[in-house]
Amino acid sequence: MSYKLSNKQIKIIESKDINTIMKPYGETPLTMAAYADNYRIERLLRIYAGSHAGVHTGVHTGINFNQTNIHGMTALMCAAKYGTEETAMELAAKTTNFTVIDQEECTALYYAIACKKWRLTEQLISIMPPEDLAQLADCLSPLSTADKYPLMEIFVDRTEEFFPDFTKLLLMELNINIRMINWRMILWLLEKGANPNQVT
């Protein structure tokens, strides 16, 4: 579910310091803009930067893309859960901390997957530091096999050498898919090294 900003709210976020939590909203201008499906985040960045060039060169001096609102959510997390996928992807390219956990104990990656923003999910998996991708195992567990399969391939390619419980993850998935008689996933997991004789 996304939101629309009123004209009054747009005037407010465009007049405030971009990193400051505003009363009574409990949001920064950046997190508030990230919720909206009727507002382009680049407009706010342009206003703050003071020129079009600042946006296109990627220079956003003084903007804290990791700043959280009162719920512990960064602008990326807000967009991943409530906003448009395009806004979330733009913020993902500028965010540096992907391990922020909000009051619901969720990360941006969790929201991207839970809300089935697949382009954002693939972007996050591709740009997040490998050591941060261990959280993906928890994010994948609620997904259906059909949704999980393409993400598992990306995940495995990026994290095999960094994920300490990688073999346990493969075995867990193998056991699930054996029960579901999902042969395609079973064969793929076996190719990746899942050992059906392994004891956890």
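Residues numbered from 1 in each chain as written. Predicted model: local features only at pLDDT ≥ 70, side-chain atom pairs only at ≥ 80, totals over all residues. Heavy atoms only, no water.

*Asks:* Could you give me a rundown of the overall build of the chain, with the residues and numbers involved?
*Replies:* Helices and strands together make up the secondary structure of the chain, namely 12 helices and zero strands. In the chain, the succession of helices and strands from N to C terminus is α-α-α-α-α-α-α-α-α-α-α-α. Expressed as a percentage of the 200 residues in the chain, the buried residues total 48%. Accessible surface computed for the chain: about 10400 Å², of which carbon and sulfur atoms make up 52%. (Helix = DSSP H or I, 4+ residues; strand = E, 2+ residues; numbered from the N terminus. Buried < 20%, exposed > 50% of the residue type's maximum accessible area, 1.4 Å probe, protein only. Areas by Shrake-Rupley, 256 points an atom, 1.4 Å probe, with all protein chains shown as cover.)

*Asks:* Which residues make up the nonpolar core, and what values go with them?
*Replies:* What tends to happen in soluble globular proteins is that the nonpolar side chains get buried as a cluster. Membership of the largest hydrophobic core comes to 45 residues, with the highest contact counts inside it found for Leu30, Tyr39, Leu76, Leu91, Leu109, Leu120 and Leu124. No other element matches the six residues that helix α5 (residues 75-81) contributes to this core. When sequence neighbours within four positions are dropped, the list of residues in contact with leucine 109 reads Thr121, Leu124, Ile125, Met128, Gln135, Leu136 and Cys139. (Core = buried A, V, L, I, M, F, W, Y, C linked by side-chain atoms within 4.5 Å. Contact = heavy atoms within 4.5 Å.)

*Asks:* Before we move on, could you go through the packing of aromatic side chains and cite the residues and values that matter?
*Replies:* Throughout the structure, instances matching the rule amount to four aromatic pairs. Between tyrosine 110 and tyrosine 111, the aromatic rings sit 6.1 Å apart at their centres with planes inclined by 75°, giving edge-to-face as the arrangement. Tyrosine 110 sits in the partly exposed class, given a relative accessible area of 30%. Cluster of aromatic residues (ring-pair linked, three or more members): Tyr3, Tyr35 and Tyr82. (Phe/Tyr/Trp six-rings, centres within 6.5 Å; stacked < 30°, edge-to-face > 60°.)

*Asks:* I'd like a description of the pattern of salt bridges, backed by residues and values.
*Replies:* Scanning the entire structure with this criterion turns up seven salt bridges. For glutamate 42, the salt bridge goes to arginine 46, with nearest N and O atoms at 3.7 Å. Taken together, the positions of glutamate 42 and arginine 46, both in helix α3 (residues 41-49) and four residues apart, correspond to about one turn of that helix. Here arginine 46 falls in the partly exposed class, since its relative accessible area comes to 23%. Of the charged contacts in the structure, one is a salt bridge between glutamate 85 and arginine 119, with a shortest N-O distance of 3.4 Å. Taken together, the residues glutamate 85 in helix α6 (residues 85-92) and arginine 119 in helix α8 (residues 118-127) connect sequence positions 34 residues apart. Note on glutamate 85: relative accessible area 15%, which makes it buried. (Salt bridge = Lys/Arg side-chain N within 4 Å of Asp/Glu carboxyl O.)

*Asks:* Summarise unusual backbone geometry; cite the residues concerned and give the values.
*Replies:* Of note, the amide linkage connecting lysine 23 to proline 24 takes the cis form, showing an omega dihedral of 0°. One can find proline 24 in the loop between α1 (7-13) and α2 (29-35). We note that glutamate 105 has phi near 65°; this positive angle belongs to a residue other than glycine. The topology assignment puts glutamate 105 in the loop between α6 and α7 (108-114).

*Asks:* If you had to explain α6 to someone new, which residues and values would you point to?
*Replies:* Of all the eight residues making up α6, six are buried; the element is thus mostly covered by neighbouring parts of the structure. The complete set of buried residues in α6 reads Glu85, Thr87, Ala88, Glu90, Leu91 and Ala92.

*Asks:* So what's going on with the packing of α6 against α8? Which residues, and what values?
*Replies:* Between α6 and α8, the least distance of the axes is 9 Å, while the angle of their chain directions is 10°. As summarised for this structure, α6 and α8 are arranged roughly parallel, according to the angle between their axes. In contact with Glu85, Glu86, Ala88, Met89 and Ala92 of α6, α8 contributes Trp118, Arg119, Leu120, Gln123, Leu124 and Ile127. Tallied by class, the residues present in the contact of α6 with α8 amount to seven nonpolar, one polar and three charged. (Axes fitted to C-alpha atoms, helices over the stretch in contact; angles between N-to-C directions. Parallel < 35°, antiparallel > 145°, perpendicular 65-115°, else oblique. Nonpolar A, V, L, I, M, F, W, Y, C, P; charged D, E, K, R; others polar.)

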